[in-house]
Amino acid sequence: MKMAYVTLTKENIGSEHICCAFSDKKCSEGYELKKQWLAGEFDNGYVFRRLAERAKVFIEYGPAEKAWVPLTAPNYMVIGCFWVSGRYKGKGHGKALLKEVVRDAKSQGKNGLVTVVGTKKFHFMSDTKWLLRQGFEVCESISSGFSLISMDFKKAKNRPFFKDSVKSGTCSIKKGIVVYYSNRCPYSECYVKEPLVETANKRNLPLKVIRLGTMEQAQSAPTPATIFGLFLDGKFITTDIGVCMDSRFDKIVGKL
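Participant: Can you lay out the packing of aromatic side chains for me, pointing to particular residues and giving the numbers?
Facilitator: Summed over all chains, the structure comprises ten aromatic pairs. Taking the centre distance of 5.3 Å and the plane angle of 10 degrees together, the rings of Phe48 and Phe58 count as stacked. Here Phe58 lies in strand 3 (residues 57-63) and Phe48 lies in strand 2 (residues 47-51), a separation of ten residues in the sequence. Accessibility expressed as a relative area gives 0% for Phe48, which makes it buried. A connected cluster of aromatic rings, assembled from ring pairs, spans Phe122, Phe146, Tyr180, Phe231 and Phe236. Above the plane of the ring of Phe153 lies Lys106, whose end atom (NZ or CZ) is 5.2 Å from the centre.

Now the structure itself:
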């Protein structure tokens, strides 16, 4: 099967879709904010590549030094969102997209690829087991359930590692709900506004929403989940943005 992919640029991002939320009216603001975020990150070597159809089949990646993630991985390429959904699964798209990232990283002389995953499956994060089957290996795992995995092209002096800000799995605010998010995802903005505010108010829980608006803020965040990470009473709880909904909050928190 012939597979055609589109690479977004500053020149075509205005007319091309970004896979997620392109038909979701309630997330229209977040959709435009994600496009703005991408346009700014292209200057930092960030790449967004997707299937040339209206589908959620895409990969995002860029230099570790410019990543919006609290990790240290000199001369590595960091994979961000990587998603193959629905009827497009099992048709080779994941391997084809990953192959392109490997080719691109090697052409730039990178030491390898690195990405953040869940030790168990986390929402809005890549399939850990699948990546390990493709040649990734675990560099570090932390108590909050995150792992840092890498595919190394050559022997590096130091393997990638998480920054100290995420090691404890806690944040500085010890009472109520605290959410860290960024516009790396078009869904984040709409969920942390009205739904989460209503959910917190209904339970009389203090709420603090912290938008990571710069790369420096994201790189010093207390969670590797800089798309969306929720803490309760200072402890990391989930990357599942559905927790913002009144109908799902107790179910998600109660399972943990």
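That covers the picture; the talk isn't over yet.
Participant: Lay out the sheet that holds strand 10 (residues 177-181) with the relevant residues and their values.
Facilitator: The four strands are arranged 11-10-12-13 in an open sheet whose pairing can be described as mixed. Looking at the sheet topology across the chains shown, the edges are occupied by strand 11 (207-211) and strand 13 (235-238). Taking each pair of neighbouring strands and ignoring which way they run, the sheet shows an average axis angle of 25 degrees. Summarising the sheet, strand 10 and strand 12 (residues 228-232) pair through five bridges and their orientation is antiparallel. Its bridge partner being in strand 12, Ile177 is matched across the sheet by Leu232.

Participant: An account of the sheet that holds strand 6 (residues 112-118) is needed here, citing residue identities and associated values.
Facilitator: With mixed pairing, seven strands are arranged side by side in an open sheet as 1-2-3-5-6-8-7. With one partner strand each, in any of the chains shown, strand 1 (5-7) and strand 7 (137-141) form the two edges of the open sheet. Each strand axis lies, on average, 25 degrees off the axis of its neighbour in the sheet, ignoring direction. Along the sheet face, helix 2 (residues 93-107) touches strand 1, strand 2, strand 3, strand 5 (76-84), strand 6 and strand 8 (146-152) and points at about 20 degrees away from the line of strand 3.

Participant: With reference to specific residues and values, describe helix 7 (residues 246-254).
Facilitator: Among the residues of helix 7, those classed as buried are Phe249, Ile252 and Val253. The arc enclosing the buried residues of helix 7, seen along the axis, measures out at 90 degrees, which places them on a common side. Those residues of helix 7 that are exposed and aimed more than 90 degrees away from the buried face are Ser247, Lys251 and Gly254. Buried positions along helix 7 lie against strand 10, helix 5 (194-202), strand 12 and strand 13.

What counts, and where the lines are drawn
- Residues numbered from 1 in each chain as written.
- Predicted model: local features only at pLDDT ≥ 70, side-chain atom pairs only at ≥ 80, totals over all residues.
- Heavy atoms only, no water.
- Phe/Tyr/Trp six-rings, centres within 6.5 Å; stacked < 30°, edge-to-face > 60°.
- Helix = DSSP H or I, 4+ residues; strand = E, 2+ residues; numbered from the N terminus.
- Buried < 20%, exposed > 50% of the residue type's maximum accessible area, 1.4 Å probe, protein only.
- Lys NZ or Arg CZ within 6 Å of the ring centre and 35° of its normal.
- Pairing = 2+ DSSP bridges.
- Axes fitted to C-alpha atoms, helices over the stretch in contact; angles between N-to-C directions.
- Contact = heavy atoms within 4.5 Å.
- Arc of directions from axis to C-beta.

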